[in-house]
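Structure assessment
Next come the chains, spelled out residue by residue.
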Amino acid sequence: MAPSGSCSIKRGCQRALYWIPVLFIALIVAWSYYAYVLQLCIESIEDIRQKVVYLLVYHAIFIMFVWAYWQTIFTKPMNPLKEFHLSYSDKELLEREDRGESQQEILRRIARDLPIYTRTNSGAIRFCDRCQLLKPDRCHHCSVCDKCILKMDHHCPWVNNCVGFSNYKFFMLFLAYSLLYCLFITATDLQYFIKFWTNGLPDTQAKFHILFLFFSASMFSVSLASLFTYHVWLVCKNRSTLEAVRAPVFRHGTDKNGFSLGVSKNFRQVFGDETKFWPIPIFSSLGDGCSFPSCLVNLDPEQPSSPSGSNPANKNAAEGRHFPSKLLRESQSRLLTSTPSWTESENAADKDKKGASNPGMTIENEA
Ligand SMILES: [Zn+2]
Ligand SMILES: [Zn+2]
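Residues numbered from 1 in each chain as written. Chains lettered and ligands numbered in written order. Predicted model: local features only at pLDDT ≥ 70, side-chain atom pairs only at ≥ 80, totals over all residues.

An unreviewed UniProt entry annotates the protein chain as Palmitoyltransferase originating from Echeneis naucrates. You can read under Sequence similarities (unreviewed entry) in the UniProt record for the protein chain the words "Belongs to the DHHC palmitoyltransferase family." (UniProt positions renumbered as here; feature names shortened; annotations may be inferred.)

Looking only at helices and strands, one finds 14 helices and nine strands in the protein chain. Looking at the protein chain residue by residue over its 367 residues, the buried ones come to 34%. Long-range contacts, defined as pairs at least 24 residues apart, comprise 64% of the intrachain contacts of the protein chain with a sequence gap of at least 6. (Helix = DSSP H or I, 4+ residues; strand = E, 2+ residues; numbered from the N terminus. Buried ≥ 20, exposed ≤ 12 C-beta atoms within 10 Å, placed from the backbone. Contact = placed C-beta atoms within 7 Å.)

Glancing now at the UniProt feature "transmembrane region" (unreviewed entry) in the protein chain. When the UniProt feature table is mapped to this numbering, "transmembrane region" (unreviewed entry) covers residues 16–36, 52–70, 170–188 and 208–230. Between the C-alpha atoms that bound residues 52–70 the distance is 27 Å, and the span itself is 100% helix and 0% strand. Split by type, residues 170–188 is 100% helix and 0% strand. Its first and last C-alpha atoms lie 26 Å apart.

Attention now moves to helix 9 (residues 263–271). All of the buried residues along helix 9 are Lys265, Asn266, Arg268, Gln269, Val270 and Phe271. In the segment just after helix 9, glycine 272 is the residue with positive phi, at about 90 degrees.

Turning to the nonpolar core, a few remarks are in order. Core analysis: the largest hydrophobic core is formed by 52 residues, its most contacted members being Ala68, Leu134, Phe171, Phe174, Tyr177 and Leu213. Element by element, the count of residues in this core is highest for helix 6 (residues 168–197), at 13 residues. Setting aside chain neighbours within four positions, we find leucine 134 in contact with Phe84, Leu107, Ile110, Ala111, Leu114, Ile116, Ile125, Arg126 and Phe127. (Core = buried A, V, L, I, M, F, W, Y, C linked by C-beta atoms within 7 Å.)

It is worth spelling out the sheet that holds strand 9 (residues 253–254) at this point. If you trace the three strands from one edge of the open sheet to the other, you get 1-8-9, paired in antiparallel fashion. Every other strand in the sheet has two partners, leaving strand 1 (118–119) and strand 9 as the edge strands with one partner each. Relative to strand 8 (residues 249–250), strand 1 is paired through two bridges, and the arrangement is antiparallel. Bridge pairing links threonine 118 to phenylalanine 250 in strand 8. (Pairing = 2+ DSSP bridges.)

The next thing to look at is helix 6. The end-to-end C-alpha separation of helix 6 is 42 Å, in line with the 44 Å expected for 30 residues at 1.5 Å each. Where helix 6 bends most, at leucine 190, the angle is about 45 degrees. Just downstream of helix 6, asparagine 199 is the residue with a positive phi angle, here 55 degrees. (Expected span 1.5 Å × (residues − 1). Bend = angle between axes of the 7 residues up to and from the residue.)

Here the focus is unusual backbone geometry. Look at aspartate 146: it is not a glycine, yet its phi comes out positive at around 55 degrees. Even without a glycine there, the phi angle at asparagine 199 is positive, about 55 degrees. Residue placement: asparagine 199 occurs in the loop between helix 6 and helix 7 (206–237). Among the residues examined, asparagine 199 registers 9 C-beta atoms within 10 Å and is labelled exposed.

A residue-level look at the protein chain finds 79% of positions with pLDDT of 70 or above and a mean pLDDT of 83. Taking the mean pLDDT of every element in the protein chain, the minimum, 29, falls on helix 14 (residues 359–366) and the maximum, 98, on helix 3 (residues 48–74). Within the model, pLDDT remains below 50 along residues 304–333, and this stretch shows 53 contacts once partners closer than five positions in the same chain are excluded. Scored below 50 in pLDDT, residues 338–367 makes 28 contacts in the model with residues more than four places away or belonging to other chains. (pLDDT = per-residue confidence, 0-100.)

The contact between helix 6 and helix 7 brings their axes to 7 Å, and the two run at 150 degrees. In the packing of helix 6 onto helix 7, the handedness of the crossing is left-handed. (Axes fitted to C-alpha atoms, helices over the stretch in contact; angles between N-to-C directions. Left-handed = near helix turned anticlockwise from the far one by under 90°.)

Let's shift gears to the packing of helix 7 against helix 9. Contact geometry for helix 7 and helix 9: axes closest at 7 Å, N-to-C directions at 110 degrees. Between helix 7 and helix 9, the angle is such that the two are roughly perpendicular. Counting all contacts with helix 7, which are made through Val235, Cys236 and Lys237, the residues of helix 9 involved are Val263, Asn266, Phe267 and Val270. Residues of the contact of helix 7 with helix 9, tallied by class, amount to five nonpolar, one polar and one charged. (Parallel < 35°, antiparallel > 145°, perpendicular 65-115°, else oblique. Nonpolar A, V, L, I, M, F, W, Y, C, P; charged D, E, K, R; others polar.)

Positionally, cysteine 142 belongs in strand 4 (residues 140–142). Once residues within four sequence positions are removed from consideration, cysteine 142 is found in contact with Lys147, Ile149, Met152, His155 and Cys162.

Here we come to the environment of threonine 188. Relative to the helices and strands, threonine 188 resides in helix 6. C-alpha separation for the pair threonine 188 and tyrosine 58, spaced 130 residues apart in sequence, amounts to 9.9 Å.

What follows concerns the environment of isoleucine 63. For isoleucine 63, the location among the structural elements is in helix 3. Of the residues examined, isoleucine 63 has 11 C-beta atoms within 10 Å and is grouped as exposed. Between the C-alpha atom of isoleucine 63 and that of tyrosine 177, which follows or precedes it by 114 residues, the distance is 9.3 Å.

Dropping the structure here:
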């Protein structure tokens, strides 16, 4: 057995290495600030009005971009509430059973009191051996963080953090503002970039900063635009990156649209109800991250008819969290009951598809 000291040194080194991509981004951003503000705006632009407008707009975008990036990096991912962890007696009971089926029976009994609607591919209750807990819907174990992360999207090396329920809005804003940042630099730097090739710039080091600024901003714009478009599509469909790769499995079978409530409600689940908070990197997502409104929930005979119901998990949802609490009962009733979602044509089409491709669900429902 390796001594624990060398193990912790190894882990410490690994943790330090994980910060390299973040440091790389920070250095590029710091250089872009120097190149744009000092070399382009102050040194190269002569028109004072243009200088002031460029600097004001640039700084507004820069502050929002850095703020969103900071929030994505330093917002701790949320882990399942204690209600999802096995109690001491349940742990003992589970250890005593060596047959998979008897263990599943125990887990099924515990899951009955929890808002859990998704299953493994084989139809079993999703259980994390490592954290000793029943995984809430959309929760996954991250091997880098070594924890179960609520509504895990992916582990992002560029922010050295798990992107999940607690910071998905921040991640979206980070993508949006970084794209805006690059597009603004590309657009305002373009005429000076052209001047570089037509020998219209004075022969100082500023011209090389202007050249590289244009190249890097336009290249980052392309990759950020594709990533941002993909995540906008995911938000509209109410899917995480992991769910886009592998659709969630419900008791009635796989359903990639299982959590979709229509574009506008899907968007509000991530960005919240209040328009004024949408562009600001402060937490405003709806729900508690442990349970999610789904049009399929009421079809699950093993579970309470509402995911918030009498479930104790929701009561303490926001306890000890830094986020403004919005219980699912409130958000779900708003998301599930108000009218527009079901009248949306896309959703109607989805529902038809579901009915056609999943006859088991219809049978359950009729029974
Ligand atoms: Zn886990
Ligand atoms: Zn992670």
